[in-house]
Amino acid sequence: MKTLTPQFKQQLSEFAPSQNSPFFVYDLDALQQHIASLQNDQIKLWFAVKANPLSRVIQTLDQEGMNFDVASLGELEQVLAQGVSPERILNTGPAKSKSQIKHFLERGVNTYVVESINQLALLNQLASEVDFTPQVLLRVQLRFDGDASNPLGGNNLTPFGLGIAEWSQLTLNHYRAIDVVGLHIFQWGNMLDPQQLISLWQQMVPPLVSLAQQLDFELKVLDLGGGLGIPYARGENSLDWSMLVTALTEIKQQANVNELWLELGRFAVGEYGHYLTPVVDRKTSYQQQMLVLEGGINHLLRPAITDQPFPVQLLRTSAEPAQSFHIHGPLCTSLDKLGVLDLPQDVTVDDVLIFSQCGAYGFTEAMPFFLCHALPSEVVYQAGKFEVVRPAQPASSYLF
Ligand SMILES: Cc1ncc(COP(=O)(O)O)c(C=O)c1O
């Protein structure tokens, strides 16, 4: 897990009072270095924009040669607004309406992951009205041995793509306005065990190669989606990227494809964001120590979905021994809990806490409207300076 350097923490403690309310901060210098270290000549990397659509994050990734996987009209326009050309944009997602596909085609997007027969027919029909032939990957759901429990569905039935049996019914000759070049598969999220991840990837190859043969198209592209994890708890290890690249290079040969793609979300940006929020109250109830924070799952939803906390520390320095605190946000639901975590025992009202590993699935995944609290600000740190990209906004900015 990345630790905050004492220097960065010091700079943060000088900057934080200027915000005086919860905020996210993204370390773009470190993010840029990380993305540069991921680039290699074997795997084409796409950034799953849903993980963090902030303009400056997209610009940083763009500078390092990332391509962009967008799953909505909003994500598409946000990426285009940063000057990314449509050839570097891929469209995934199970809900592609006719008007959305039409808009994407009009904007020049020519790569689509198709998730149903209806989507394929619609894209084919609309593609016949433009002067290019979109390339298409069919999204496949497989069944694997082992535990199925995973936010991305694992072995469970999900709306993401179709099973082999359903895709096999297809006659590709009927879809002449599109070019089916590959297959896409992605069923597991936040994987931290490299052997398990590699083994899942390896198991995918034979059924996918055989589906392409059955459908009689040349499998040029294999897209293995995202799912690469980052550690959230002490003791969890980070994935070894070079080990994954070696395994993926073999998989690429085994599948005999020209291109192997990954769409990285969490692994690309997760470790480069932090969330800071003041403590509003401290109390003891039934002998348990409790903190109530200004921001909770209204800004940072993941702990409520996964029951897994983000790592936390106190912004100021304290030499007091640590003790365990139940940490809650401001909403009127017991779901608004950021975890039971250790902090110095002198933590008090108006102290600021820093939650780390919050660069992915933070601001835009939260439920900010419940109870009409303010939206948090978003700040970037670049070339040694903090800059507020999105100022905090009161509830009056979104209430009508
Ligand atoms: C199609 C697709 N690709 C990539 C990702 C990114 O996943 P991760 O953040 O696990 O890398 C997602 C996340 O939901 C997704 O839906």
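Residue positions are given per chain, counted from 1 along the sequence in the order it is written. Under the rules for a predicted model, residues below a pLDDT of 70 receive no local features and side-chain atom pairs below 80 are neither given nor counted, while totals for whole chains, interfaces and linings still include all residues. Values reported for side chains reflect all heavy atoms of the structure, with hydrogen atoms and water molecules removed beforehand.

**A few points about the packing of helix α5 (residues 98–106) against helix α6 (residues 117–127)**
In step 1: Whenever a helix is involved, its axis is fitted only over the stretch in contact; in every case the axis is a line through C-alpha atoms, and angles between N-to-C directions fall within 0 to 180 degrees. In this description a helix means any DSSP run of H or I spanning at least four residues, a strand means any run of E spanning at least two, and both kinds are numbered starting from the N terminus. In the contact formed by α5 and α6, the axes pass within 10 Å of each other and the chain directions differ by 45 degrees. Judged on the interaxial angle alone, α6 and α5 are oblique. In this structure, α5 meets α6 at a crossing whose hand is right-handed. Between α5 and α6, the contacting residues are K98, I101, K102 and L105 on the first element and Q119, L122, L123, Q125, L126 and A127 on the second.
In step 2: Among the residues forming the contact of α5 with α6, the class breakdown is six nonpolar, two polar and two charged. Any angle that falls under 35 degrees is termed roughly parallel, while one over 145 is termed roughly antiparallel, one within 65 to 115 roughly perpendicular, and all others oblique. Take the far helix as the reference: if the near one is turned anticlockwise from it by less than a right angle, the crossing is left-handed, and if turned clockwise, right-handed. In what follows, a contact means two residues having at least one pair of non-hydrogen atoms within 4.5 Å. Basically, the charged four are Asp, Glu, Lys and Arg, the nonpolar ten are Ala, Val, Leu, Ile, Met, Phe, Trp, Tyr, Cys and Pro, and anything else, Gly included, counts as polar.

**Observations concerning a nonpolar patch on the surface**
In step 1: A cluster of nonpolar side chains, contributed by M367, F370 and L371, occupies part of the molecular surface with about 230 Å² of accessible area.
In step 2: As for its position among the elements, L371 is in the loop between β16 (352–355) and β17 (377–382).
In step 3: The exposure class assigned to L371 is partly exposed, which follows from its relative accessible area of 35%. Patches draw on residues past 30% relative accessible area with no salt bridge. Two like charges within 9 Å are joined, as are two nonpolar side chains (Val, Leu, Ile, Met, Phe, Trp, Tyr) within 5 Å. Accessibility throughout is a Shrake-Rupley quantity obtained with a 1.4 Å probe, and a residue counts as covered only by protein chains that appear here. Salt bridges are counted wherever a side-chain nitrogen of Lys or Arg sits within 4 Å of a carboxyl oxygen of Asp or Glu. Buried means the residue's accessible area, taken with a 1.4 Å probe over protein chains only, is under 20% of the maximum for its type, while exposed means over 50%, and partly exposed covers the values in between.

**Section: the side chain of N52**
In step 1: Tracing the chain through its elements places N52 in the loop between β2 (43–48) and α3 (55–63).
In step 2: Polar contacts involving the side chain of N52 include one to the main-chain amide nitrogen of L54, which spans 3.0 Å.
In step 3: When neighbours within four sequence positions are excluded, N52 is seen to be in contact with Y26, F47, V57, I58, V269 and G359. Nitrogen and oxygen atoms within 3.5 Å of one another constitute a polar contact, given that in protein one can donate a hydrogen and the other can accept it, and given that sequence-neighbouring residues count only through two side-chain atoms.

**Topic: the domain arrangement of the protein chain**
In step 1: By domain assignment, the protein chain separates into domain 1 (28–270) and domain 2 (271–397).
In step 2: Listed per partner, the contact involves 23 residues of domain 1 and 22 residues of domain 2.
In step 3: Reported buried area values correspond to the accessible surface (1.4 Å probe) lost by two parts on association, with both partners' losses combined. Of the roughly 2,100 Å² buried between domain 1 and domain 2, counting both surfaces, carbon and sulfur atoms make up 49%.
In step 4: Run the count over domain 1 and domain 2 and you get one salt bridge.
In step 5: Between R56 and E387 there is a salt bridge whose closest N-O contact spans 3.0 Å. Segment limits for the domains were obtained from an automatic or database-derived domain assignment.

**Structural notes on the packing of aromatic side chains**
In step 1: Between 30 and 60 degrees the pair is tilted, below 30 it is stacked and above 60 it is edge-to-face, where a pair is any two Phe, Tyr or Trp rings, Trp via its six-membered ring, whose centres lie within 6.5 Å. For the structure shown, the criterion picks out 14 aromatic pairs.
In step 2: Judged by centre distance (4.6 Å) and plane angle (20 degrees), the rings of F15 and F386 are stacked. Taken as a pair, F15 in helix α1 (residues 6–15) and F386 in strand β18 (residues 385–390) lie far apart in primary sequence, 371 residues in all.
In step 3: A cation over a ring is seen here: R302 above Y232, with NZ or CZ 3.9 Å from the ring centre. Only lysine NZ and arginine CZ atoms are considered, and such an atom sits over a ring when it is within 6 Å of the ring centre and within 35 degrees of the ring normal.

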